[in-house]
Amino acid sequence: ESRLPSFEQLAKMVATNEVTWINVDGLGNTRLIEALGEHFKLHRLALEDVVNVHQRSKVDQYADIMFIVLRMPHVPTEATGGRVTTEQLSIFAGPKFVITFQEGRPGDCFDRVRLRLREGATKLREAGPGYLVHALLDGVIDNYYPVLEGYAERLDYLEDAVLEAGSHVMDELHEVKADLLILRRAIWPLRETVASLSRDESTLFGESSRPYLRDCYDHVVQIVDLVETYREITADLRDLHMSSLSNRTNDIMRVLTIISTIFMPLTFIAGIYGMNFHTSSSRFNMPELDWEYGYLLCLAVMFVIAAGQMYYFYYRGWILPSFRARK
Amino acid sequence: ESRLPSFEQLAKMVATNEVTWINVDGLGNTRLIEALGEHFKLHRLALEDVVNVHQRSKVDQYADIMFIVLRMPHVPTEATGGRVTTEQLSIFAGPKFVITFQEGRPGDCFDRVRLRLREGATKLREAGPGYLVHALLDGVIDNYYPVLEGYAERLDYLEDAVLEAGSHVMDELHEVKADLLILRRAIWPLRETVASLSRDESTLFGESSRPYLRDCYDHVVQIVDLVETYREITADLRDLHMSSLSNRTNDIMRVLTIISTIFMPLTFIAGIYGMNFHTSSSRFNMPELDWEYGYLLCLAVMFVIAAGQMYYFYYRGWILPSFRARK
Amino acid sequence: ESRLPSFEQLAKMVATNEVTWINVDGLGNTRLIEALGEHFKLHRLALEDVVNVHQRSKVDQYADIMFIVLRMPHVPTEATGGRVTTEQLSIFAGPKFVITFQEGRPGDCFDRVRLRLREGATKLREAGPGYLVHALLDGVIDNYYPVLEGYAERLDYLEDAVLEAGSHVMDELHEVKADLLILRRAIWPLRETVASLSRDESTLFGESSRPYLRDCYDHVVQIVDLVETYREITADLRDLHMSSLSNRTNDIMRVLTIISTIFMPLTFIAGIYGMNFHTSSSRFNMPELDWEYGYLLCLAVMFVIAAGQMYYFYYRGWILPSFRARK
Amino acid sequence: ESRLPSFEQLAKMVATNEVTWINVDGLGNTRLIEALGEHFKLHRLALEDVVNVHQRSKVDQYADIMFIVLRMPHVPTEATGGRVTTEQLSIFAGPKFVITFQEGRPGDCFDRVRLRLREGATKLREAGPGYLVHALLDGVIDNYYPVLEGYAERLDYLEDAVLEAGSHVMDELHEVKADLLILRRAIWPLRETVASLSRDESTLFGESSRPYLRDCYDHVVQIVDLVETYREITADLRDLHMSSLSNRTNDIMRVLTIISTIFMPLTFIAGIYGMNFHTSSSRFNMPELDWEYGYLLCLAVMFVIAAGQMYYFYYRGWILPSFRARK
Amino acid sequence: ESRLPSFEQLAKMVATNEVTWINVDGLGNTRLIEALGEHFKLHRLALEDVVNVHQRSKVDQYADIMFIVLRMPHVPTEATGGRVTTEQLSIFAGPKFVITFQEGRPGDCFDRVRLRLREGATKLREAGPGYLVHALLDGVIDNYYPVLEGYAERLDYLEDAVLEAGSHVMDELHEVKADLLILRRAIWPLRETVASLSRDESTLFGESSRPYLRDCYDHVVQIVDLVETYREITADLRDLHMSSLSNRTNDIMRVLTIISTIFMPLTFIAGIYGMNFHTSSSRFNMPELDWEYGYLLCLAVMFVIAAGQMYYFYYRGWILPSFRARK
């Protein structure tokens, strides 16, 4: 619990204390990692996994040391462009020590554990490394909830945006989908990990901690459930968006078609009587132009055509559909 | 069965009665919950789950107390905006008591159980806590049926709306889909819960109640089946809607194209003879204007063009397709 | 095999005959059902399932009585609007009797069984209730084939309709999909039912009837296979229909675009020379009108523009694509 | 191996030879089938399956006779309209005989087996019926490869056709999809069949033929893999085709929109100055017609409008997008 | 480790060395392969699989020789048209030898293994054939990472391209999808292969190599995970692309519709007053042409109509939507 003790102090602490928790924040100091590995007899393959930070969650047993890999999500902030990120947490649990390695990003999810340790929570200090591992696991799992709540809010907001035909909906939906894919890749292996921990027969977790691990498992299953649900909602919103796009295309087309089909014949008729055939050359050449009511008749014909088309469109439900449906 | 007895009365009731059913409606009174937890030795983790009302259905065994979480659906009403909601029901079943916690919304699905208790249904009063738990479970499961019937009706109505090209179909389909997702999330874990109850070897349920639990399980499987079927129907309706949107776009386009392609060439010809080239300046300048049958010829050409296009469209099946198909 | 004997006669028949088959057609007479239930000691939950006709296929064992629920499909007729329907068949098989309950719709699928009984098929009369149950099961399963053949024909017809761009294809596909969903919901549980019957260790089915149950199972699996295949074909036809809709939209658009882009510039040029700028007021005002070859030049320009566009469209493959591809 | 011996000859052959292979090509001669069934004690249900040629692949054991159903694919030819078809092959394998029934279409996949028999392949003649069954099985499985290669080539060709926007792509994709569905329905049950044969404990296949059956199984799994891969590729090509359709619609729309929006305002302006308001009646009536530079100004305005729109379209990337992107 | 020794030398090396690794690069020399097969007693079926290079990954045990087939991916280069390819690697591992067959393409993934051998890595030379096989397996698996990283980069680039509406996005997405399908077909069977190797009870791999095989398995699972993730991202990008296509169609349509509906009525009005009805013939013939403010009134009416439509489009959000949303 103290920061950066020398190596000898560490050795002494492990000897005296009941359980020592060593938390290494940042993986740049390879010499430190190797020294720890040698001192605590950590397996070479496990140490490689610690440094190679794209592992899936898993639990491996090497002799009497249990090696657990977890992925901690970070609540999206402006610094990460509003995108979710996950960090690898590697845990070695031996008979009298717990060593954790983080990637070294600012902030983790163990503040509550530290608080309880500082306040001298007797159970956490005395119950052996298994209980501490459970507390860390619990901290990681609980950190998924605020992350997921953020996406729940964002999906609510996106649902409104889709109904109001916002223009950047699809890009945002794509972003949310990509983030949920990241969370999904983090949480599914975590589920297997917790399941195998709660089935584990080793001495690390005593019989009394079984309900606590089962509780962890219930939480992970609930998170899996939420992630899958959000993924389905995202897919549904995409469908809704696509359909509203089609609907709007239809609306635009309808306006275009109505205006075009009404004015094209009218303009054509006006064009006819704009022709310059010489009425004087032949009595067949546009005699209408000299008729007494020629102009009025022409306007009347135009009006009748326009009205007929309006009625046809009304009949097809292309104009005033709501008014028509009400009847 | 009596409302709000004092704590001592409760203790006495548990001692005298064969089985006591304590139903706590609303989770605001944390002191009451803690007192009950202490008196009946309920596990701390279970009590946390009671208060944290977003649990999945599950069954846990703590020593001789069985802890069951169920999700009750509420029939959608106007108060909930026509959307389905689920409420958490937590059940503790001990050797001589059954304690249930509801979230405290008005209405539950135990009126029939209460009626049978008040009328002194001997079997329910005498057959031990297992039978009461089964009755509560049965009440919860039976409550899914009216909820699902509502969605069956709504899907029928939506099918008609899709065929009549209603404009808010997609939003409603989205709503139904979201609701079915909620029901699905409630009913799948319930299925596991009931399955593990009917496999359960504990003393809570005797051998004679096995067929009743199997009956519950059959009902849950039937509900799962219905929910999945409704989800598929919703997806099919969405497809049907999208295709009818495309169909309507085609219809609109067709009208526009027919009118445009008929009147554009005609208007162009009218435009030609509306040009003001001076016939007096050159004998090549629009001599047609002075021809005896110039105007009639012009109209005839227009008619021929229009008729030709009409025939082409008829041939392509864009106008009077049904008439053509009949031939 | 006789119709409506009195109850005493029934009791006598059960006592004398080797196996008695009682077929109750219609579930309205609740008193009769209760009387039968009491006389043959049928379980109350099973009788509830008989009356509640939306059960999934299943098989339950109550003491020495086996309770089987099956769903019989009815070949779609005009009376059902061309839609498929399923009817519930409940079978109780005891050591010396078989009782079946149908919903009471006209027609069932046991005519062949009855025929064999009337003709005194010795095996059916003597081989115990198991063999009769197998015959009934076989009758139900065989009835799925004509129903499915109807859908195979309908899908063939729809494939042609899609390729010919029929207008009600989508509605019909939706209907077929909905019907296949009904059949699917009927046949999947039936599969489990027949599988559990053929695994069954009870005395109802002897070792010799094992191949016959395996044969039933093979048939059910084949039907499941057919239903799934038809569902896939329906989905494919929907895709094909959607794509042909898009194709037609493209065709319509192309015609519109070609006509519009050719005639718009031409009409514009005609419009220019239809302007009334007074050539007498200024020598800059439309001197073209007085040129000797003004009109011919104007027509020539128009022709060049139109020809140029035609070539562009031909080059893009929008007109005469097949002619171009041949080269 | 001889054609149409009399029945007595057959009986003798079975008695003398070590293993007799009887191949019945065509199922029309029911009397022959019954006679064979009676003589070799083949089960009635198996013989029904032989005649009813829509069975799924399966293997059944009746006493000491093994009954295997396989589906042989036929390479698509012009005679079948380029569509794949499958034929049922039924095999009875007893201690000293192998009887095969084909549907009787010309051609099968046993030419290699016959060749080896005629050439007196000792292993095939002496190693018992198990080895012959394996050879037949191998022949059937190997026949899937040329069929699938045909579809691989067809998909390659279709990929090119999609990119070149061929017009009958969708119909062909639909055909390929339907054919792959047929192959899939044939190959999945075959997989189970071969798996259960290689697990089989009966005396038909000795321990030494185990690697050969495992090899068959590997081949079937590979074919399953290919069929599923081709199905995915077909679905991808459909997506690609749909997207290229949308792309082309966009292209067509863009041309239409550019031409329309450029010429509509121009034509309108020309229309204005084509109006016949009498300049002599009022000094407000179109004084522009008498201006010295009226006509030139009018053309200039038109040019500015057209240029402005061209720039806007260029800015939106609707014209010369590649040129713009290069900058 | 030496190149092309004579056969006798090989025999001697096998006799003297602890483990001999023979790597055959290229499968053209069938006589060599047969000679090796005879000398080391390799099973005929296994040798057939070596030559037939489209095998799925698998592991077979023939007596004391283990036969492993793996698929090595090759990083896409310009020589392969930027497409991924896989090569078959066949491994025979006997008690004192390891024989590998490659297809003979330039480059493999065993440079690190060779380096360690040359530098005399004692563990690799002494630990038996199991350790060498593990090293080869590790080399193959590690080679998937650079290949997948290439696709990760390509998907990042494609995401940008989709958002910027690049025109060849869909073709590239199709290519990536096809490549990921190839990788998927290579990696899934590899997963089963490695899983069965790590479960294997044979003497090839000792207990101490168990963690190394588990490590291999973890890597393969991680690769499977990546491939599936990339496939989902590809599908999402396709959706995004399709939706952006629809969006652009809408944009284009909107511009067309706005321009058309504004100018069509205006052009019609201009057309009316371009008609040549003779005002002198009748006082009803277009008296407006002689009005003092006729022309100005006409322009005013046009302006009002245009302004009204602009307002309507602004109200519908078709023009300046962002400006409107800000209010």
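(A) View of the interface of chain D and chain E. Each side of the interface is counted separately: chain D has 51 residues, and chain E has 56 residues. Of the roughly 4,700 Å² buried between chain D and chain E on both sides combined, carbon and sulfur atoms contribute 61%. Our count for the contact surface shared by chain D and chain E stands at nine salt bridges. In this structure, the salt-bridge partner of Asp239 of chain D is Arg238 of chain E, at a minimum N-O distance of 2.5 Å. Inspection of the chain D/chain E interface yields 19 residue pairs in polar contact (both at pLDDT 80 or more). At the level of elements, helix 7 (144-163), helix 9 (210-272) and helix 10 (294-316) of chain D are the ones that each hand at least two residues to the side of chain D that touches chain E. The element contributing the most residues to the side of chain D that touches chain E is helix 9 of chain D, with 32 residues. Broken down by class, the residue content of the side of chain D that touches chain E amounts to 23 nonpolar, 17 polar and 11 charged.

(B) Molecular detail of the relation of the copies chain D and chain E. For the pair chain D and chain E, the relating rotation is 72°, the translation along its axis is 0.0 Å, and the fit reaches an RMSD of 0.1 Å. One copy is carried onto the other by what is essentially a five-fold rotation axis. Minimal C-alpha distance to the rotation axis in chain D is attained by Gly274 of chain D, lying at 4.6 Å. Here only 20% of the contact residues of chain D are again contact residues in chain E; the copies associate through non-equivalent surfaces.

(C) Local environment of the packing of aromatic side chains. Residue and element names in this part refer to chain E. For the structure shown, the criterion picks out 58 aromatic pairs over all chains. Judged by centre distance (6.4 Å) and plane angle (80°), the rings of Trp21 and Phe110 are edge-to-face. Of this pair, Trp21 sits in strand 1 (residues 20-25) while Phe110 sits in the loop between strand 5 (97-102) and helix 4 (111-118), and the two are 89 residues apart along the sequence. For the pair Trp21 and Phe110, one class covers both residues: buried.

(D) Here's a closer look at the sheet that holds strand 3 (residues 65-74) of chain C. All names here are of chain C. In space, the five strands of this open sheet follow the order 1-5-4-3-2, with mixed pairing throughout. Edge positions in the sheet fall to strand 1 (20-25) and strand 2 (58-62), since each has one partner strand and no second. The mean inter-strand angle of the sheet, taken between neighbouring strand axes irrespective of direction, is 20°. Across five bridges, the pairing between strand 2 and strand 3 is antiparallel. Residue pairing for strand 3: Lys58 is matched across the bridge by Val69. Contacting strand 2, strand 3 and strand 4 (85-93), helix 8 (residues 169-199) crosses the sheet at an angle of about 150° to strand 3.

(E) Representation of helix 7 (residues 144-163) of chain E. All names here are of chain E. The first and last C-alpha atoms of helix 7 sit 29 Å apart over 20 residues, in line with the 28 Å expected at 1.5 Å per residue. Every buried residue belonging to helix 7 is among Tyr144, Val147, Leu148, Tyr151, Arg154, Leu155, Leu158, Ala161 and Val162, and all of these are buried. Within helix 7, the buried residues cover an arc of 125° as seen down the axis, which keeps them to one side. In helix 7, the exposed positions angled more than 90 degrees off the buried face are occupied by Glu153 and Asp156.

(F) Structural view of the environment of Gly274 of chain D. Considering the arrangement of structural elements, one finds Gly274 of chain D in the loop between helix 9 and helix 10. Between the C-alpha atoms of Gly274 of chain D and Leu289 of chain D, which are 15 residues apart in sequence, the distance is 9.9 Å. When neighbours within four sequence positions are excluded, Gly274 of chain D is seen to be in contact with Gly274, Met275 and Asn276 of chain C together with Tyr273 and Gly274 of chain E.

(G) Local environment of the layout of surface pockets. What the second largest pocket holds in volume is close to 1,900 Å³. Taken together, 50 residues make up the lining of the second largest pocket; nearest its centre are Met242 of chain A, Met242 of chain B, Met242 of chain C, Met242 of chain D together with Met242 of chain E. The set of elements that each furnish at least two residues to the lining of the second largest pocket consists of helix 9 (210-272) of chain A, helix 9 (210-272) of chain B, helix 8 and helix 9 (210-272) of chain C, helix 9 of chain D together with helix 9 (210-272) of chain E. The leading source of residues in the lining of the second largest pocket is helix 9 of chain C, at 11 residues.

The rules behind the values
The residue numbering used here restarts from 1 in each chain and proceeds along that chain's sequence as written. For this description, chains carry letters from A and ligands carry numbers from 1, given in the order in which they are written. This being a predicted model, a pLDDT of at least 70 is required before a residue's local features are given, and a value of 80 or more before pairs of side-chain atoms are given or counted; all residues contribute to the totals for chains, interfaces and linings. Water and hydrogen atoms were dropped before computing side-chain values, which therefore reflect all heavy atoms in the structure. The contact rule is simple, with two residues in contact once any of their heavy atoms fall within 4.5 Å. In short, buried area is how much 1.4 Å probe accessible area vanishes from two parts on joining, totalled over both. Each reported salt bridge corresponds to a side-chain nitrogen of Lys or Arg within 4 Å of a carboxyl oxygen of Asp or Glu. Within 3.5 Å is the distance limit for a polar contact, defined as a pair of N or O atoms, with the added protein rule that one can donate a hydrogen and the other accept it, and that residues adjacent in sequence qualify only through two side-chain atoms. Secondary structure elements are taken from DSSP: a helix is a run of H or I of four residues or more, a strand is a run of E of two residues or more, and numbering for both begins at the N terminus. Gly is placed with the polar residues, together with every amino acid not listed as nonpolar (Ala, Val, Leu, Ile, Met, Phe, Trp, Tyr, Cys and Pro) or charged (Asp, Glu, Lys and Arg). A least-squares fit on C-alpha atoms brings the copies together, and the residues used are those whose pLDDT is at least 70 in both copies. Stacked, tilted and edge-to-face pairs are distinguished by plane angle, under 30 degrees for stacked and over 60 for edge-to-face with tilted covering the rest, among Phe, Tyr and Trp rings (Trp via its six-membered ring) whose centres lie within 6.5 Å. Per-residue accessibility, obtained with a 1.4 Å probe over protein chains only, is compared with the maximum for each type, and a residue is labelled buried under 20%, exposed over 50%, and partly exposed between these values. If DSSP finds at least two bridges between two strands, the strands pair. Lines fitted to C-alpha atoms define the axes, with helix axes restricted to the stretch in contact, and inter-axis angles between N-to-C directions lie between 0 and 180 degrees. To estimate the expected span of a helix, count its residues, drop one, and scale the result by 1.5 Å. The directions considered for the arc run from the helix axis to the C-beta atoms. Using protein atoms alone on a 1 Å grid, points that fit a 1.4 Å probe yet trap it form a cavity, whereas open point sets bounded by protein on both sides within 12 Å along at least five of seven lines form a pocket; residues with an atom within 4 Å of a point count as lining. Grid points are joined across faces, edges and corners, and a volume is the space filled by probe spheres set on the points.

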